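Structure at a glance
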Amino acid sequence: MERIFLMLASIIAGFALIKMPLAGTFLSSVEPLTDLIGILAILIFSLFLIYKGFMNLIGK
């Protein structure tokens with residue numbers, strides 16, 4: 001059960017990376033990288049949760 005909460009926390013962290021305002025700071029040059037990492041985190045962990053849910057539905 002704690003594994004699922006960890007996956008949900010990772011998805012929320014991905015959204016936080018996308019929404020993090022870096023404009024006007026010295027980190028503004030890495031903003032495209034944080035967006036990419038956030039998008040990948042959301043996709044990977046969401047697909048994993050969908051897979052685990054589907055496997056739970058069919059009983060494996």
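For clarity, every value in this text was computed on a predicted model and none was experimentally measured.

Comments concerning the overall build of the chain
- Each helix and strand in the chain was counted, giving 2 helices and 0 strands.
- Whereas a compact globule of 60 residues would reach a radius of gyration of roughly 10 Å, the chain reaches 15 Å, over 25% beyond that.
- Projected onto its principal axes, the C-alpha coordinates of the chain cover approximately 50 × 20 × 10 Å.
- Within the chain, buried positions represent 18% of all 60 residues.
- Pairs at least 24 apart in sequence give 55% of the contacts found in the chain among residues at least 6 apart.
- Of the roughly 4,800 Å² that the chain leaves accessible, carbon and sulfur atoms contribute 77%.

Description of the UniProt feature "transmembrane region" (unreviewed entry) in the chain
- Taken from the UniProt record, the annotation "transmembrane region" (unreviewed entry) applies to residues 33–51.
- Between the end C-alpha atoms of residues 33–51 the distance is 27 Å, and the span holds 100% helix and 0% strand.

Definitions and limits used
- Residues numbered from 1 in each chain as written.
- Predicted model: local features only at pLDDT ≥ 70, side-chain atom pairs only at ≥ 80, totals over all residues.
- Heavy atoms only, no water.
- Helix = DSSP H or I, 4+ residues; strand = E, 2+ residues; numbered from the N terminus.
- Rg over C-alpha atoms; globule rule 2.2 N^0.38 Å.
- Buried < 20%, exposed > 50% of the residue type's maximum accessible area, 1.4 Å probe, protein only.
- Contact = heavy atoms within 4.5 Å.
- Areas by Shrake-Rupley, 256 points an atom, 1.4 Å probe, with all protein chains shown as cover.
- UniProt positions renumbered as here; feature names shortened; annotations may be inferred.

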